[in-house]
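So the chains spell out like this:
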Amino acid sequence: SRARSRGAAGAALLPSMLMFGVILASSGLLLMIERGILAQVGPPPPHPPAGPSRRDGRDSPAELELEVLRDTRNRTIRALCGQRSMPRSVWELPPGQRRTVLRHLLVSDKYRFLYCYVPKVACSNWKRILKVLDGALESVDVQGKMDHKSDLVFLGDMKPEEISYRLKHYYKFIFVRNPMERLLSAYRNKFGEIKEYQQKYGVEIVRRYRKNGGNSAGDDVTFSEFLRYLLDEDVERMNEHWMPIYNLCQPCAVRYDFIGSYERLHADANHVLEHIQSPSFVRFPERQAWYKPVTAETLHYYLCNTQRRLIKELLPKYILDFSLFAYPLPNITSEFCRQ
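Right, let's walk through the structure included here. (Residues numbered from 1 in each chain as written. Predicted model: local features only at pLDDT ≥ 70, side-chain atom pairs only at ≥ 80, totals over all residues. Heavy atoms only, no water.)

Considerations on the state of the cysteines
Piece 1. Going through the model one piece at a time under the given rule, you end up with three disulfides.
Piece 2. The residue that forms a disulfide with C81 is C252, at a sulfur-sulfur distance of 2.0 Å. Taking the sign of the S-S torsion, -80° for the link of C81 and C252, the bridge is left-handed. Placement of C81 in helix α4 (residues 61-81) and of C252 in the loop between α11 (245-249) and β4 (258-261) is noted, with a sequence separation of 171 residues between them. The residues C81 and C252 share a single accessibility class, namely buried.
Piece 3. Note on cysteine connectivity: C116 is disulfide-linked to C249, with sulfurs 1.9 Å apart. Note on the C116 and C249 pair: the S-S dihedral is about -90°, so by sign convention the disulfide is left-handed. (Disulfide = S-S within 2.5 Å. Helix = DSSP H or I, 4+ residues; strand = E, 2+ residues; numbered from the N terminus. Buried < 20%, exposed > 50% of the residue type's maximum accessible area, 1.4 Å probe, protein only.)

Focus: the pairing of strand β2 (residues 113-116)
Piece 1. Residues of β2 alternate between two faces, with F113 and Y115 on one and L114 and C116 on the opposite face, all of them buried.
Piece 2. Pairing between strand β1 (residues 105-108) and β2: four bridges, direction antiparallel. Looking across to β2, one finds that S108 is bridged to F113.
Piece 3. With antiparallel pairing between neighbouring strands as the criterion, β1 and β2 make up a hairpin whose turn holds four residues, including R112 at a positive phi of roughly 55°. (Pairing = 2+ DSSP bridges.)

Encoded structure:
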């Protein structure tokens, strides 16, 4: 009876998710980008909120949709990573790629886990948690600028045998985010607020892509200019804030036990904290009052005011993030943008 009830409750949810699953499994994904077919599927279904199971023993619609989402991710990762050409361990990666992933795997020997941090996916808060668990920080709510290096243990600083042991025996997790939303968040933060990035990247971007842009201080980079810069960049040499998640964390070479979503941040973070048996006083930090998140409307505005050709040309660089982590490609059809 449970199976029948689950099937009935999920009937309304499955069409859109199954369509998406079929698209992901298709080998013609890039061709669909070029022809604009995928954009016509419509806006993505919202990521389901957290919620307890129903008392009658049947799963809620949100839980069923989450189950389908996770199953889609797992199947897609298994299909891609099962191909002969894909790496089976970090030792099969080229040296540069291996250095990148080992630099992004944070270690907790006390709680026996590895966390691959992804910039612009709440990694600062996870680093705060690691520092609290290690006793280097009193509370996740301590004010002050986050030091992203001190009091943290990186897997890349260990010996090969120590690395192999932890990859084999420790709980491994990662948090992911819609690729275009992550890029927009990086753009607004780094070029709108951080002078170091304006001087290091912004000045060069404007000089390269804007006529008579030599006098810019790098604080007026447009989103289109930023995307053109990404289009011309070698993925392996990108700054970590806009390098694809696949390249940062190598989900084929590292078999993650849990993939959390930025869209379900607190619920998924609580799942991880419960699994590693962290102390009850350790909780995932609340969003700071000053933080202005990227909303669906904001992303819609930026994408619809960017040349469609530019977005389509950029998507292949991030296609593994879209497909492996089950994020629909952006809808940039004229009809959708007129809304």
